[in-house]
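A look at the structure
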Amino acid sequence: MPDKRYTKVEEEIIQILDRLESEEPAPSRPHLRVVPSRPRRPRRIQIRRPRLDTRPAWFWLALSFGLAAGAYFARDIASTLALLLAIGSICAFFAPLFSRRHGGAPLAGPTTTKMWRGKDISFGPPPRAGAGDRARRWIGNRRSGPR
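Here we summarise the structure given alongside this text.

About the cut-offs
- Residues numbered from 1 in each chain as written.
- Predicted model: local features only at pLDDT ≥ 70, side-chain atom pairs only at ≥ 80, totals over all residues.
- Heavy atoms only, no water.
- Patch = residues over 30% accessible without salt bridge, like charges linked within 9 Å, V, L, I, M, F, W, Y side chains within 5 Å.
- Areas by Shrake-Rupley, 256 points an atom, 1.4 Å probe, with all protein chains shown as cover.
- Salt bridge = Lys/Arg side-chain N within 4 Å of Asp/Glu carboxyl O.
- Helix = DSSP H or I, 4+ residues; strand = E, 2+ residues; numbered from the N terminus.
- Buried < 20%, exposed > 50% of the residue type's maximum accessible area, 1.4 Å probe, protein only.
- 1 Å grid on protein atoms, 1.4 Å probe; cavity = no way out; pocket = protein on both sides within 12 Å on 5 of 7 lines; lining within 4 Å.
- Points joined across faces, edges and corners; volume = space filled by probe spheres on them.
- Nonpolar A, V, L, I, M, F, W, Y, C, P; charged D, E, K, R; others polar.

A short note on a nonpolar patch on the surface
On the surface, Leu61, Phe65, Ile90, Phe93, Phe94, Leu97 and Phe98 cluster together into a nonpolar patch covering about 750 Å² of accessible area. Ranked by residue count, the leading element in the nonpolar patch is helix H3 (residues 79–98), at five residues. As for its placement among the helices and strands, Phe65 is situated in helix H2 (residues 57–74). Overall, Phe65 belongs to the exposed group, its relative accessible area being 55%.

Next comes the structure, spelled out in structure tokens:
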């Protein structure tokens, strides 16, 4: 068999491949780097006062009937007191319309809050505007015309 002669390019390729086989492979670097997390600030605990929307749905109706009954029995004693109780009864009857209540049914469960990019994200249903806000928006749209 004749001795096969390699061209200069082929010899260089063979030398490069031999060098690559003899060297240890370089450790692969991950594309992502570890970033130390920032320490979280402790949250302040806020004491919440009861608002109109935290009362049960039947509360306002019971208060309205109670004030109306008080106005009925106070009409002989003091007509001014009876008038004030009657006005309070009407206000209590319409109070749920102007509170920021979510729908008629209670929520299925507690809303979960998770963090994303350092901000709280709530996965509950979006808050709905109360009747007063909707009425103001409707009146504002009527005055300014359609957009």
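Examining the pattern of salt bridges
All chains considered together, the criterion is met by one salt bridge. Note that Asp133 is salt-bridged to Arg136, the shortest N-O span being 2.7 Å. Placement of the pair is Asp133 and Arg136 together in helix H4 (residues 131–144), with a separation of three residues, close to one helical turn.

Quick notes on the layout of surface pockets
In this structure, the largest pocket encloses a volume near 520 Å³. Lining the largest pocket, in full, are Ser37, Arg38, Pro39, Arg40, Arg41, Pro42, Arg43, Met115, Arg117, Gly118, Lys119 and Asp120. In the lining of the largest pocket, the residues fall into three nonpolar, two polar and seven charged.

These values are about where atoms sit, not about what they do.
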